[in-house]
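The primary structure of each chain is shown beneath.
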Amino acid sequence: MDTQVLIIGAGPTGLTLALDLARRGVPFRVVDAAPAPFAGSRGKGLQPRSMEVFHDLGVIEPVLAAGRFHMTMRAYNGREVLREWNVHEGRHPTEERPYAATLLIAQFRVEQVLRDALPQPVEYGMPLTSFTQDESGVTAVVGTETVRARYLVGCDGGKSFVRKQLGVPFIGETHEDMRMLVGDLRISGLDRDHWHQWGGRADRWLALCPLPDTDLFQFQASGDGEPSLALYREIVRERTGLDDVVVHDATWTSLYRTNIRMVDRFRVGRVFLAGDAAHVHSPAGAQGMNTGIQDAYNLGWKLGMETLLDTYESERKPVAQWLLGMTTELMMSGNPFQKRDDETLQLSLSYRTTEGEGLQAGDRMPDGVTEQGRIFDLLRGPDFVTLDLPDGPVLVRPDGYVAAIGRSAIDAYFGANPVTQLHHRRVAARTAA
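These notes cover the structure that comes with them. It should be emphasised that the depicted structure is a prediction, and the values quoted were computed from it without experimental measurement.

Quick look at the nonpolar core now. Of all hydrophobic cores here, the largest spans 74 residues; its most connected members are Phe54 and Leu303. Sequence-distant contacts of Phe54, defined by excluding residues within four places in its chain, comprise Thr16, Leu46, Val59, Ile60, Val63, Val110, Leu114 and Ile293.

In structure tokens, the structure reads:
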């Protein structure tokens, strides 16, 4: 084998998977067809659950430094301010939830942080052109090189070559009547403390959002046509009605078409699909980048330990189904910037197989303070962790979800999945007074 895991695509999904494998000492390669990192913002919202993932992976500090919480939204008629609101009003960190609101951060900043944390570089200009698999591995042609890997993971976006070569259907629909012009612009005449919006009608809507840690605004506008700096200047001038809001240049422009689709399988043999390669949806609610990150986080430890691989699909497919329904409902509501709840923050997502009151197997393990330190800090690392809490032991998976509660259930889990016990540590966690 040339490597254990060949990752196709170097967006947030592929990079998160690579970082998780790196901390386990699992050999991997990340290849991408593009000649260089993508420079557009695309997604710009990081949900609290994704921040918990990045806390565990050891990159939360540079992520927080490049983002901003609680940016006030402001609606205008020309220069007149009609309304101001905060979709995360009243949400503040607690002991159990250290990250309480969405972090505004450009996707390219997230990717930069993840790349910088990797022990080896992403291999750009290396398109995947073919692959075959057998009982022991996958043989892939990337660039001019033939690579042999035990597993291949397609993190190569909505137009995924991996998915198409597998013949996995991408089931759903394209809303040709729902299009949006997007881009990253340099603009003067607007403050960088508000997310600015104009347009009393859907066909006149314009939003200009300052991207933290950059000199750019993300441009979003209803409309159609070939994206260009001239068109974007015209839209800004017409819809704001302001001469002193000036568009100077654009670093990225694109026409977005609303696609709502997902695969019926996340795995075919030794090949897996993750992120947009497995599901695409409306941008409402800032979920896409986050769901891909969590696909990778669910899959990473299973690939590293080569165990429970079938549960990747059984756990993540229902999340994708929920995601498509929730974002479509939010898009159709006519108010995609309404206040967020625990589901859109992705804190209440669970892998439960049985119902019950209180903390159950499959739930996200909440943070907390013990005499030994924060629970999230005690869990940080690539292992299963048994927390010996005052009320009894809780076994937590490497991705922060509860595997079993109570000694007999923990013993049964290890008995059914013996390899997991080889990647296990036990931590006393007496609750702080």
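There is more to say, and it comes next.
Strand β2 (residues 28-32) sits mainly inside the fold: five of its five residues count as buried. Side chains of β2 alternate between two faces, with Phe28, Val30 and Asp32 and Arg29 and Val31 buried alike. The pairing of strand β1 (residues 3-8) with β2 spans four bridges and is parallel. Paired with Ile7 across the strands is Val30, a residue of β2. Regarding the hand of the β-α-β motif, the stretch spanning β1, helix α1 (residues 12-23) and β2 is right-handed.

The next thing to look at is the sheet that holds strand β3 (residues 45-46). Within the open sheet, the three strands sit side by side as β3-β7-β4. Their pairing is antiparallel. On the outer flanks of this sheet lie β3 and β4 (68-69), each paired with one strand and no other. Summarising the sheet, β4 and strand β7 (residues 103-104) pair through two bridges and their orientation is antiparallel. Bridged to Arg68 within β7 is Leu104.

Where α1 contacts helix α7 (residues 288-305), the two axes come as close as 8 Å, and the packing angle between them is 30 degrees. With respect to α7, the axis of α1 lies roughly parallel. Between α1 and α7 lies a crossing whose hand is right-handed. Residues Pro12, Thr13, Thr16, Leu17, Asp20, Leu21 and Arg23 of α1 form the contact with α7, whose own contacting residues are Met289, Gly292, Ile293, Ala296, Tyr297, Gly300, Trp301, Leu303 and Gly304.

What follows covers the sheet that holds strand β24 (residues 402-405). The four strands lie next to each other as β24-β23-β22-β25, forming an open sheet whose pairing is mixed. Lying at the two open borders of the sheet, with one neighbouring strand each, are β24 and β25 (424-428). Across the sheet, the mean angle separating the axes of adjacent strands is 20 degrees when strand polarity is ignored. Helix α10 (residues 407-416) rests against β22 (384-389), β23 (392-396), β24 and β25 of the sheet, and its axis sits at about 30 degrees to β23.

We now examine the pattern of salt bridges. Counted by the stated rule, this structure contains 32 salt bridges. Two residues, Glu123 and Arg29, come together in a salt bridge whose shortest N-O distance is 2.6 Å. Taken as a pair, Glu123 in strand β8 (residues 123-124) and Arg29 in strand β2 lie far apart in primary sequence, 94 residues in all. Residue classification places Glu123 among the partly exposed positions, given a relative accessible area of 22%. One salt bridge in this structure joins Arg374 and Asp367, with 2.6 Å as the shortest N-O distance. Looking at Asp367, the relative accessible area reads 4%, which means it is buried. Counted as one network, the salt bridges with shared partners bring together Asp20, Arg23, Arg24 and Asp56.

Calculation criteria
- Residues numbered from 1 in each chain as written.
- Predicted model: local features only at pLDDT ≥ 70, side-chain atom pairs only at ≥ 80, totals over all residues.
- Heavy atoms only, no water.
- Core = buried A, V, L, I, M, F, W, Y, C linked by side-chain atoms within 4.5 Å.
- Buried < 20%, exposed > 50% of the residue type's maximum accessible area, 1.4 Å probe, protein only.
- Contact = heavy atoms within 4.5 Å.
- Helix = DSSP H or I, 4+ residues; strand = E, 2+ residues; numbered from the N terminus.
- Pairing = 2+ DSSP bridges.
- Right-handed = clockwise from strand over helix to strand, strands pointing away.
- Axes fitted to C-alpha atoms, helices over the stretch in contact; angles between N-to-C directions.
- Parallel < 35°, antiparallel > 145°, perpendicular 65-115°, else oblique.
- Left-handed = near helix turned anticlockwise from the far one by under 90°.
- Salt bridge = Lys/Arg side-chain N within 4 Å of Asp/Glu carboxyl O.

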